[in-house]
Amino acid sequence: MKKTGAQILCEGLVREGVEVIFGFPGGAVLPLYDTFPQYPQLRHILVRHEQGAAHAADGYARATGRAGVCLATSGPGATNLVTGIANANLDSSPVVAITGQVATPFIGKDAFQEIDITGITLPITKHNYLVLDVKDLARVVKEAFHIAQTGRPGPVLIDIPRDILQQEVAFAYPENVDLPGYKPKFFGHPAQIKKAAEVINSAERPIIIAGRGVIISGAFAELRELAEKAQIPVITTFLGIGCFPETHVLSFGWLGMHGMAYANKAVHNSDVIVAIGMRFDDRATGMVSAFAPQARIVHIDIDPAEIGKNVRVNVPIVGDVKNVLQALNQQIIPGEHMEWFNQLDKWRQEHPALVIRDSEAVLPQYVIRQIYEVTKGDATIVTGVGQNQMWAGQFFFYDKPNSLISSGGLGTMGFELPAAIGAKVGRPEETVWCIAGDGGFQMTMQELATIVQENLAIKIAIINNGYLGMVRQWQQLFYGHRYVHTQLWGPDFVKIAEAYGIPALRVKDKVEVTPSIEKAIEHNGPFLIDFVVEPEENVFPIVPPGASLIQAIEIPKPEKVTGLG
Amino acid sequence: MAVTKHTLVALVEDRPGVLNRVSSLFRRRNFNIESIAVGHTEQPNLSRMTIVVEGNDAKVEQVRKQLDKVIEVVKIVDITNDNPVARELALIKVKATASTRSEIIQIVDIFRANIVDVSPDSLIVEVTGDEEKVNSLMDLLRGFGIREIARTGSIALTRGGAGPLQVEEVKAPKQLPKPSIREAETPPDW
């Protein structure tokens, strides 16, 4: 039976299990939009800016583990997706981006709203397609979803010229993909797994560094089994938060620039590191040449290119984390490392990282902690980028699998609100908190309209310090206290929210923090709280850029605190 | 770590844009291509890329792995340590007068190179061989005045056997492989 390109695309989306598309229409995709009414099972969410569509698809993908789909027209629509696609790429998020393109006779003519989006997104997608023949479309859709969701997930872009959407061809959706150059390795090599088990079994001061790969692979139980069986403390990366219960006795915080000082110390002094589904990002390792000098490193990752990229690795294992851990756990001898744990506990006491200092002011750390207390940890937290993000990582305890959604690799301010939309759409029953900074919020706050139009009960907490806080902190610590262009005037966020029809509160007093959070949760619908916090509060610890992990600047002693800012 | 020249050979799907994907990856990973040569293979849907790069082992290995992730790259191997037969073709336009022409021809003969064009004031020399041979001939001709050079970049095969790039999934070609006359002419160890 003959179908148009637009129908073929919709048939493909339905067959791939797509429930929702975050999109914004325009000339080149009009044939597709005209076809949507024939496919009511495809829910379309109209964003207010295409960047929001890409972040929402990313947030949806992270919340559900399934591909998130965003859709934009050619030209500016497509370029507006770019930041979101790059964000998904760096954090290995399965996003399928569909863009319209000018009709094939116009390609290469600098036609109205023509842009070479496959060229632009070449380095920031796992793969991309420009469909020049409607006969290829079904295969391309099938391949795109396969590539996006298997192996190390990532974004795939499909660029479709307008005339291809209109042309008719006999439709048959392929059962399988034929990609001779794409064969992800799912199972680790048995000899390597054996070697890894030997290294782990003989360790005296072992640690696990677990990353987002554990979450993507769904290896929560396997990681826990390994940690408990071998008695190894689990340190996560920032994006690995939520792969291991943080209140578990073996949980030992997260490492890196703003990681807990005791966790960084543990990494530095370990003799064996079991790195699982993580990529030794520079924000995690600090100065690479000084990283864990005594450690033998077992590195498990599905992407062979990550092994040996940043740090030397002694036992590489390429494979899906879940499968590898299942095989590895069988060869682990139950162990105990009492001396090591005593040392770790001592460090934890000597280097407290999660203490909130006494203050009458509304401290951002206190706000996050109260959100934790009120929700009892039963929430999905979506953050912006900067101080709000680090505090959200530090002062909320993530016991639920995959409960933190944050832009790690690209560090995209403005991610929070649209990603929260995606998360809420993917987890409609869950309480979704969007933790925003006043800077990042102003980058994508137009999506408040989307929230209202779709009636998404997202709770928004703006950590409003009137600064681009993290940049200000760097200026304070590393640029001689010169605050150049980081003081930020903001609008009245309560009035903004109310203008969109979202009830809102401003909190300037510490005693109002908890009741306001309770009120936000009780309200059946979206709610915004503008927390006016201590303006020059800093994120500690902080490993200065270029320094080793053990050179962290820790929370200043109380008497020094008054001198800060 | 020592910086050496590496020869990477990639079998890629014969589709538009593949060369762009490969070359842009080099740029993005801050890695220089010394030469790249692309041509058809014995298999109809595959092209072969021979890429010569300079770098230490770890960096080249990283690039090989990144290239392997390009969906259309079916297989990629670093054949540097497999003692490959590597050849490139160069066309060299050299200034020639009545008094220098015969001397140039003599040099060309020694190198088993060919004169493929004779003009009143220049010759075009065609030379095939490994990089060192081509460089040596160019050095000798430089004294006469080189006007223009076109080099193909290296192509390479490993000796004997089926080769490291054997792709099982791809069916054997129906047409007979073309005999490689030029390789027979030039001794492997020139």
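Worth saying up front: this structure is predicted, and the values here are computed from it rather than measured.

Conventions we followed
- Residues numbered from 1 in each chain as written.
- Chains lettered and ligands numbered in written order.
- Predicted model: local features only at pLDDT ≥ 70, side-chain atom pairs only at ≥ 80, totals over all residues.
- Heavy atoms only, no water.
- Helix = DSSP H or I, 4+ residues; strand = E, 2+ residues; numbered from the N terminus.
- Rg over C-alpha atoms; globule rule 2.2 N^0.38 Å.
- Buried < 20%, exposed > 50% of the residue type's maximum accessible area, 1.4 Å probe, protein only.
- Contact = heavy atoms within 4.5 Å.
- Areas by Shrake-Rupley, 256 points an atom, 1.4 Å probe, with all protein chains shown as cover.
- Domains from an automatic or database assignment.
- Buried area = accessible area lost by both parts, 1.4 Å probe.
- Polar contact = N/O pair within 3.5 Å; in protein donor to acceptor, adjacent residues only side chain to side chain.
- Nonpolar A, V, L, I, M, F, W, Y, C, P; charged D, E, K, R; others polar.
- Salt bridge = Lys/Arg side-chain N within 4 Å of Asp/Glu carboxyl O.
- Axes fitted to C-alpha atoms, helices over the stretch in contact; angles between N-to-C directions.
- Parallel < 35°, antiparallel > 145°, perpendicular 65-115°, else oblique.
- Left-handed = near helix turned anticlockwise from the far one by under 90°.
- Pairing = 2+ DSSP bridges.
- Arc of directions from axis to C-beta.
- Patch = residues over 30% accessible without salt bridge, like charges linked within 9 Å, V, L, I, M, F, W, Y side chains within 5 Å.
- Lys, Arg positive; Asp, Glu negative; His and termini not counted.
- Charge placed at Lys NZ, Arg CZ, Asp CG, Glu CD.

(A) Region of the structure containing the overall build of chain A. Counting its secondary structure elements, chain A contains 23 helices and 20 strands. Taken against the 2.2 N^0.38 rule, which gives 24 Å for 565 residues, the C-alpha radius of gyration of chain A at 24 Å falls within 12% of a compact globule. The buried share among the 565 residues of chain A stands at 62%. Put simply, 76% of the contacts in chain A that link residues at least 6 apart link residues at least 24 apart. As displayed, chain A has an accessible area near 21,100 Å², and 53% of this comes from carbon and sulfur atoms.

(B) Local environment of the domain arrangement of chain A. Residue and element names in this part refer to chain A. When cut into domains, chain A gives domain 1 (2-170), domain 2 (190-350) and domain 3 (364-539). Of note, the centres of domain 1 and domain 2, computed from C-alpha atoms alone, are 37 Å apart. Facing the eight residues of domain 1 at the interface are seven residues of domain 2. Counting the surface lost from both domain 1 and domain 2, the interface buries some 640 Å², and carbon and sulfur atoms represent 52% of this. Of all residues in domain 1, R62, D91 and R152 give up the largest surface area on contact with domain 2, accounting jointly for 63% of the area buried on that side. Counting across the interface, domain 1 meets domain 2 through four residue pairs in polar contact (both at pLDDT 80 or more). When its residues are assigned to classes, the side of domain 1 that touches domain 2 shows two nonpolar, three polar and three charged.

(C) Spotlight on the environment of A:P94. Residues and elements named next belong to chain A. Tracing the chain through its elements places P94 in the loop between helix 4 (76-90) and strand 5 (95-101). Relative accessible area serves as the criterion here: at 7%, P94 is assigned to the buried category. Sequence-wise, P94 and I273 are 179 residues apart; in three dimensions their C-alpha atoms are separated by 28 Å. Those residues in contact with P94, other than ones at most four positions away along the chain, are A61, G65, R66, A67, G68, A148, Q149, P153 and G154.

(D) Representation of the interface of chain A and chain B in the model. Every contact between the two is made by 18 residues of chain A and, on the other side, 17 residues of chain B. In total, chain A and chain B occlude about 1,500 Å² of area from one another, counting both sides; carbon and sulfur atoms represent 54% of this. Connecting chain A to chain B are one salt bridge. Close ionic contact of B:K69 with A:D303 constitutes a salt bridge, the shortest N to O distance being 2.5 Å. Our enumeration of links across chain A and chain B arrives at five residue pairs in polar contact (both at pLDDT 80 or more). Mapped by element, the contributors of at least two residues to the side of chain A that touches chain B are strand 6 (127-130) and helix 6 (137-149) of chain A. Each residue belonging to the side of chain A that touches chain B can be placed in one class, and the counts come to nine nonpolar, three polar and six charged.

(E) Seen up close, the domain arrangement of chain B. Its domain assignment divides chain B into domain 1 (4-82) and domain 2 (85-151). For domain 1 of chain B versus domain 2 of chain B, the separation of C-alpha centres amounts to 30 Å.

(F) Summary view of the packing of helix 15 (residues 364-375) of chain A against helix 16 (residues 387-395) of chain A. Residue and element names in this part refer to chain A. In contact at an axis separation of 9 Å, helix 15 and helix 16 are set at 45° when each is read in the N-to-C sense. With respect to helix 16, the element helix 15 is oriented oblique. Both helix 15 and helix 16 take part in a crossing whose hand is right-handed. Taken together, the residues of helix 16 that come into contact with helix 15 (itself represented by P364, Q365, I368, R369 and Y372) are W391, A392 and F395.

(G) Region of interest: the sheet that holds strand 13 (residues 296-301) of chain A. Residues and elements named next belong to chain A. A sheet is described by the order of its strands in space; here six strands give the open sequence 11-10-9-12-13-14, paired in parallel fashion. Either end of the sheet is taken by a strand with one partner, and the two such strands are strand 11 (251-254) and strand 14 (315-318). Adjacent strand axes in the sheet meet at a mean angle of 15° when their direction is disregarded. When strand 9 (residues 206-210) meets strand 12 (residues 272-276), the two strands line up parallel, connected through five bridges.

(H) Inspection of the pairing of strand 18 (residues 458-464) of chain A at higher detail. Residue and element names in this part refer to chain A. Of all the seven residues making up strand 18, seven are buried; the element is thus mostly covered by neighbouring parts of the structure. Alternating positions in strand 18 separate into two faces, I458, I460, I462 and N464 on one and K459, A461 and I463 on the other, with burial throughout. Summarising the sheet, strand 17 (residues 432-437) and strand 18 pair through six bridges and their orientation is parallel. Counterpart to A436 in the pairing with strand 18 is I462. Alignment of strand 18 against strand 20 (residues 527-532), held across six bridges, turns out to be parallel. Along strand 20, the bridge assignment pairs I460 with L528.

(I) Quick look at helix 20 (residues 469-478) of chain A. Within helix 20 of chain A the residues assigned to the buried category are A:G469, A:M470, A:R472, A:Q473, A:Q475 and A:Q476. The inward-facing, buried residues of helix 20 of chain A contact helix 16 of chain A.

(J) Molecular detail of the sheet that holds strand 2 (residues 33-40) of chain B. Residue and element names in this part refer to chain B. Strand order in this open sheet of four strands is 2-3-1-4, and the pairing throughout is antiparallel. Edge positions in the sheet fall to strand 2 and strand 4 (73-78), since each of these pairs with one other strand and no more. Taken pair by pair, the neighbouring strands of this sheet meet at an average axis angle of 15°, ignoring direction. In terms of strand pairing, strand 1 (residues 4-13) meets strand 4 through five bridges, oriented antiparallel. Paired with V12 across the bridge in strand 4 is V73.

(K) Here's a closer look at the side chain of B:E72. Position of B:E72 among the secondary structure elements: in the loop between helix 2 (57-68) and strand 4. At 3.3 Å, the side chain of B:E72 and the side chain of B:R21 are in polar contact. Those residues within four positions of B:E72 in sequence are excluded, and the remaining contacts are A:H127, B:L11, B:V12, B:E13, B:R15, B:V18 and B:R21.

(L) Main features of the pairing of strand 7 (residues 122-129) of chain B. All names here are of chain B. Extensive coverage of strand 7 is indicated by the burial of seven of its eight residues. Inspection of the sheet shows strand 5 (residues 85-95) paired to strand 7 by eight bridges, in the antiparallel sense. Bridged to A90 within strand 7 is V127. Across five bridges, strand 6 (residues 114-119) lies against strand 7 in antiparallel orientation. Bridge pairing in strand 7 links S119 to S122. In textbook terms, the turn of a hairpin is the stretch between consecutive antiparallel strands, and for strand 6 and strand 7 this stretch comprises two residues.

(M) Expanded view of helix 21 (residues 493-500) of chain A. Residue and element names in this part refer to chain A. Among all positions of helix 21, only F493, V494, I496 and A497 are buried. Buried residues of helix 21, viewed axially, fall in a sector of 160°; they line one side. Residues of helix 21 that are exposed and angled more than 90 degrees away from the buried face: K495 and A499. At its buried positions, helix 21 is contacted by helix 18 (438-444), helix 19 (448-453), strand 18, strand 19 (504-507) and strand 20. The first or second residue beyond helix 21 is G501, which carries a positive phi of 90°.

(N) Quick peek at a negative patch on the surface. Residues and elements named next belong to chain A. Together, D358, E360, D509 and E512 line one region of the surface with negative charge. Relative to the elements of secondary structure, D509 occurs in the loop between strand 19 and helix 22 (513-522). The class for D509 is partly exposed, based on a relative accessible area of 36%.

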